[in-house]
Amino acid sequence: MPTPGTARGKSERMSVVNIGGGSLAPPSGVGYLPLKHGSTCFHSPKYLTVTMESLERQRAMAMPRCDTPSDAPPLPVGKDYHAFFSFHGENPDYNWVKAVTRELECRGFKCCVFPRDLDAGKSLSNNIKSVLTKCLRIVTVLSSAYIKNEWSQLEMEIISLGKLEELVFIPVLIEPCDIPPFLKYYRYINATTAKETWWNAFHEQMLGNVPPLPPRKKHHVFFAHTSSDTKWVNDIVKRLENPVNSIVCCFPARDFKPGASMQESVDSAIKRSLRVVLVISKNFLANEWKKYFEKRFKQFKTIPIIISDCNLPIVLDDIVCIDARNSGTDWFKVLLRAIKEEDLNADDDTVTSTSQFIREEVIFTPAAEPMASLSTTSFI
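Rules used throughout
Residues numbered from 1 in each chain as written. Predicted model: local features only at pLDDT ≥ 70, side-chain atom pairs only at ≥ 80, totals over all residues. Heavy atoms only, no water. Helix = DSSP H or I, 4+ residues; strand = E, 2+ residues; numbered from the N terminus. Buried < 20%, exposed > 50% of the residue type's maximum accessible area, 1.4 Å probe, protein only. Contact = heavy atoms within 4.5 Å. Areas by Shrake-Rupley, 256 points an atom, 1.4 Å probe, with all protein chains shown as cover. Pairing = 2+ DSSP bridges. Axes fitted to C-alpha atoms, helices over the stretch in contact; angles between N-to-C directions. Salt bridge = Lys/Arg side-chain N within 4 Å of Asp/Glu carboxyl O. Phe/Tyr/Trp six-rings, centres within 6.5 Å; stacked < 30°, edge-to-face > 60°. Lys NZ or Arg CZ within 6 Å of the ring centre and 35° of its normal.

> Quick one: what's the story with the overall build of the protein, residue by residue and with numbers?
Per the secondary structure count, the protein includes 13 helices and 14 strands. Within the protein, the proportion of its 380 residues that are buried is 47%. Put simply, 70% of the contacts in the protein that link residues at least 6 apart link residues at least 24 apart. For the protein, the computed accessible surface area is about 19300 Å², with 52% contributed by carbon and sulfur atoms.

> Mind laying out the sheet that holds strand 7 (residues 135-142), listing which residues take part and the relevant values?
Strand pairing in a sheet takes place through backbone hydrogen bonds and is either antiparallel or parallel in direction. Taken together, five strands build an open sheet; the order of strands is 6-5-7-8-9 and the sheet is parallel. Either end of the sheet is taken by a strand with one partner, and the two such strands are strand 6 (111-113) and strand 9 (189-190). Relative to strand 7, strand 5 (residues 81-86) is paired through five bridges, and the arrangement is parallel. Directly across from Ala 83, in strand 7, lies its bridge partner Arg 137. Seen against the sheet, helix 2 (residues 93-106) touches strand 5, strand 6, strand 7 and strand 8 (169-173) and runs at an angle of roughly 155° to strand 6.

> Hey, could you go over the pattern of salt bridges for me, with residue numbers and the actual values?
Going through the model one piece at a time under the given rule, you end up with 13 salt bridges. A salt bridge links Glu 157 to Lys 129; the nearest nitrogen and oxygen atoms lie 3.9 Å apart. Taken together, the residues Glu 157 in helix 5 (residues 150-161) and Lys 129 in helix 3 (residues 124-134) connect sequence positions 28 residues apart. Here Glu 157 falls in the buried class, since its relative accessible area comes to 3%. The exposure class assigned to Lys 129 is partly exposed, which follows from its relative accessible area of 29%.

> With reference to specific residues and values, describe the sheet that holds strand 10 (residues 219-224).
Read across the open sheet, the five strands follow the order 11-10-12-13-14; overall the sheet is parallel. Where the open sheet ends on each side, the last strands, each with one partner, are strand 11 (249-250) and strand 14 (322-323). As paired elements, strand 10 and strand 12 (residues 273-280) share five bridges and run parallel to each other. Residue pairing across strands places Phe 223 opposite Val 277, the latter belonging to strand 12. Helix-sheet contacts for helix 9 (residues 262-271) involve strand 10, strand 11 and strand 12, and the interaxial angle to strand 12 is about 125°. Sheet strands touched by helix 12 (residues 331-340): strand 10, strand 12, strand 13 (302-306) and strand 14. Its angle to strand 13, the strand with the most contacts, is close to 170°.

> Just give me the short version of the packing of aromatic side chains, but keep the residues and values in it.
Evaluated as defined, the whole model comprises 16 aromatic pairs. On the numbers, 6.1 Å between centres and 65° between planes, the contact of Trp 198 with Phe 202 is edge-to-face. Taking the relative accessible area as the measure of exposure, Trp 198 reaches 6% and is therefore buried. Of the residues examined, Phe 202 reaches a relative accessible area of 0% and is grouped as buried. With 5.6 Å between their ring centres and 55° between their planes, Trp 199 and Phe 202 make a pair best called tilted. With Trp 199 and Phe 202 both in helix 6 (residues 199-207) and three residues apart, this pair spans about one turn of that helix. Each member of the aromatic cluster is reached from another via a ring pair, and the members are Phe 284, Trp 289, Tyr 292, Phe 293 and Phe 300. The lysine or arginine in question, Lys 195, covers the ring of Trp 199, its NZ or CZ lying 4.7 Å from the ring centre. Seen from the ring of Phe 332, Arg 239 lies directly overhead, with NZ or CZ sitting 3.7 Å from the centre.

What follows is the structure in structure tokens.
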């Protein structure tokens, strides 16, 4: 007869997972999982005896089992998941999520699905809040059961988090139901029909409008700037890396390796970035520009952006620049479009003119005379 903690004579270690906080005291040799297979993710816990082997089987089921090439965009610093799936944990909702996340993970996406990815030892509320800050998108799988049960919990956590502008929602309708007022202004995916009618739209929203990174590249953009402009650059990096934009930036104050020489760090950042944003100010032109960029300016793809009054070097005379001195203009949108502009030779290190990326988004063109004043700036 098997002893406690064994089954059919084969030893299986038992596990206790408590997501609701507090203390659990299971009988000897027995472990509990607060969410039964197919139970709701946000209901009061219902306990089920599980073993370590059954947990391993569950993890194995979640692993990709196809050879689909990865097309997932890179994750910005501080993000662990491309999407968090909020759904009703009973079938058919659970099976729908399992099938969709398996295909996404085959394509290289990192999905957070409860209870598989719960952080044991944290309350459900803290798990949700933590995931909301670590994911690029929130996929809400809408059904009548979900609206009646899980949605109110998620809505409460979102409101308490207080960072609504940083969250990107993808509502997916898997059965006819009333869409919550909170989500009515978001574009939703109608998945009540055959997969071929909605999958492409869903996949595009998961990808976002982010240019892919070639194998040799790690960042979409490297910010070259002087130390006195660090705060300005930090604010722009935060906006670019926001889940709405999902641009992967190389920010020297954060990403340069301590102990490495500045020249080595700059060289590595240029080599591993698709583009270089030159943050042009008087201090930058007097220091970093002369040290690291002036002699090799045309060896990499640049987006010059002017943030304070200064006289441009002659080498920049025929280069289209973005004028960011006036906070009331749409210069950030122009910068974002310049970064996202597709380049047929994105994995190529050849010389490229900035105007190729900005094209007609010209907001500043240097005057014909060298070292001309910036007062000739024109906007569109």
